[in-house]
Amino acid sequence: MSNRTALVTGASRGIGEACVKSLAGAGYRVVLAARSVDKLQELASELQGRGAEAFAVEVDLRSHESITASFAKAAKEFGRIDILVNNAGITKDGLAVRMKQTDWELVLQVNLSGAFYAIQQALPGMMKERWGRIVNISSVVGEMGNPGQANYVAAKAGLIGLTKSLAQEVGSRNITVNAVAPGFIETDMTHGLSEELKQKMLSQTPLKRMGTAEEIAHAVKFLVSEEAGFITGHVLDVNGGIYM
Ligand code: NAP
């Protein structure tokens, strides 16, 4: 068992759910954060049933106040956050020429600003402890671009810039900051995509299949481990080879 505490945003389903399950299985204390608090509580109970220490906390990443409050609740329960996985993310796709201001702002707010404010909450404790791990879940499209997703891609590329800058700021405190860039992964986020688009993506993926949430969780578990202590500012592609 580790005495480290990991907070994962967007833990109510998909990749975030896989991350908390994987981290709890590896012996970390886990804080599950998202808006769907009933689902989080259900997952936390499931993990507790398997002997893990898990705590569910409601957070809406659109709100700075909500982020601050959620970290305060987590601190009351478990103390310092040692590991932060900024996983929550949304899409509001559309061509740039017609994109509504609200769709641009919402995606930037949740996917980029929300992650940054969460980092600001977690950093002081990590700096004091001189140990910390931050993993930002970016996307392959943050590296290669994607038509119809200017807002999402800007946010995901922004997370990569944030990762590299922060890695340089806090490296001397023994805090590593990395990004994972998933390719095409089977979750609610990709469920609604047309069959045509799915086939197109798969034809461009050398491994000829979608990835699983668990495969992203494995990468996250590695990056937060002691063994990954000399890796920082890195973008780890877990994408079936669609972008190299
Ligand atoms: P998902 O199944 O749609 O889950 C998204 C998660 O984000 C949910 O837990 C959701 O929880 C949370 N969330 C959304 N808005 C939020 C808000 N305002 N405040 C707090 N939490 C919020 O997506 P996923 O596929 O697991 O994606 C996870 C991450 O991987 C995202 O950052 C996504 O961009 C990235 N990614 C996914 C893929 C893919 O193919 N699936 C590829 C590349 C990157 P609530 O609704 O309960 O708040």
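Refer to the preceding data block for the structure.
What counts, and at which threshold
Residues numbered from 1 in each chain as written. Predicted model: local features only at pLDDT ≥ 70, side-chain atom pairs only at ≥ 80, totals over all residues. Heavy atoms only, no water. Axes fitted to C-alpha atoms, helices over the stretch in contact; angles between N-to-C directions. Helix = DSSP H or I, 4+ residues; strand = E, 2+ residues; numbered from the N terminus. Parallel < 35°, antiparallel > 145°, perpendicular 65-115°, else oblique. Left-handed = near helix turned anticlockwise from the far one by under 90°. Contact = heavy atoms within 4.5 Å. Phe/Tyr/Trp six-rings, centres within 6.5 Å; stacked < 30°, edge-to-face > 60°. Buried < 20%, exposed > 50% of the residue type's maximum accessible area, 1.4 Å probe, protein only. Lys NZ or Arg CZ within 6 Å of the ring centre and 35° of its normal. Core = buried A, V, L, I, M, F, W, Y, C linked by side-chain atoms within 4.5 Å. Pairing = 2+ DSSP bridges. Near = heavy atom within 4 Å. Polar contact = N/O pair within 3.5 Å; in protein donor to acceptor, adjacent residues only side chain to side chain. Areas by Shrake-Rupley, 256 points an atom, 1.4 Å probe, with all protein chains shown as cover. Expected span 1.5 Å × (residues − 1). Arc of directions from axis to C-beta.

### Digging into the packing of helix H1 (residues 14-25) against helix H9 (residues 213-223)
Inference 1: One can describe the packing of H1 onto H9 by two numbers: an axis separation of 8 Å at closest approach and a directional angle of 50°. Between H1 and H9, the crossing angle belongs to the class labelled oblique. Read as a crossing pair, H1 and H9 show a hand that is right-handed. Contacts between H1 and H9 involve Gly-14, Ile-15, Ala-18, Cys-19, Ser-22 and Leu-23 from the first element and Ala-213, Glu-214, Ile-216, Ala-217, Val-220 and Lys-221 from the second.

### Let's talk about the packing of aromatic side chains
Inference 1: Under the counting rule described, the total for this entry stands at two aromatic pairs.
Inference 2: Aromatic side chains Phe-55 and Phe-78 sit 6.2 Å apart centroid to centroid with 70° between the ring planes, which places their arrangement in the edge-to-face category. Separated by 23 residues along the polypeptide, Phe-55 in strand S3 (residues 54-58) and Phe-78 in helix H3 (residues 64-78) bring together distant segments of the chain. No difference in accessibility class separates Phe-55 from Phe-78, as the two residues are buried.
Inference 3: Against the face of Trp-131 rests Arg-4, its NZ or CZ located 3.6 Å from the ring centre.

### Concerning the nonpolar core
Inference 1: Formed by 38 residues in total, the largest nonpolar core has its most connected members in Leu-7, Val-31, Phe-71, Leu-84 and Ile-134.
Inference 2: Looking at this core, the elements with two or more residues in it are strand S2 (29-34), S3, H3, helix H4 (101-129), helix H5 (140-144), helix H6 (150-170) and strand S6 (175-182).
Inference 3: With ten residues, the top contributor of residues to this core is H4.
Inference 4: Among residues more than four places away in sequence, those in contact with Val-31 are Thr-5, Ala-6, Leu-7, Val-8, Val-20, Phe-55, Val-57, Ala-74, Phe-78 and Ile-81.

### Side note on the sheet that holds strand S4 (residues 83-86)
Inference 1: Strand order across the open sheet formed by seven strands is S3-S2-S1-S4-S5-S6-S7, with parallel pairing between neighbours. Both outer strands of the open sheet, S3 and strand S7 (235-238), are each paired with one neighbouring strand and no more. Strand-to-strand twist of the sheet, defined as the mean angle between neighbouring strand axes without regard to direction, takes the value 20°.
Inference 2: Sheet topology note: the strand S1 (residues 5-9)/S2 ladder contains five bridges and is parallel. For Thr-5, the partnering residue across the bridge sits in S2 and is Arg-29.
Inference 3: Across the sheet, H3 lies against S1, S2, S3 and S4, angled at about 160° from S3, the strand it touches most.

### Looking at the site of the ligand
Inference 1: Close contacts around the ligand come from 30 residues, with Arg-35, Ser-36, Asn-87, Tyr-152 and Thr-187 the closest.
Inference 2: Within the side chain of Arg-13, an N or O atom sits 2.8 Å from an oxygen atom of the ligand.
Inference 3: In this structure, a nitrogen atom belonging to the ligand sits 3.0 Å away from a side-chain N or O atom of Asp-60.
Inference 4: Taking 890 Å² as the accessible area of the ligand by itself, protein coverage stands at 96%.
Inference 5: Per-element accounting of the shell around the ligand gives the leading share, three residues, to helix H7 (residues 188-191).

### Re helix H2 (residues 37-49)
Inference 1: Its 13 residues place the ends of H2 18 Å apart at the C-alpha level, agreeing with the 18 Å of an ideal helix rising 1.5 Å per residue.
Inference 2: Looking at H2, one finds that the buried residues are Leu-40, Leu-43, Ala-44 and Leu-47. Along H2, the residues classed as buried sweep out an arc of 100° about the axis, all on the same side. Every exposed residue of H2 that faces more than 90 degrees away from the buried side is listed here: Asp-38, Glu-42 and Gly-49.
Inference 3: Looking at the packing, one finds that the buried side of H2 touches H1, S2 and S3.
Inference 4: Among the residues trailing H2, Gly-51 stands out with phi positive, at a value near 95°.

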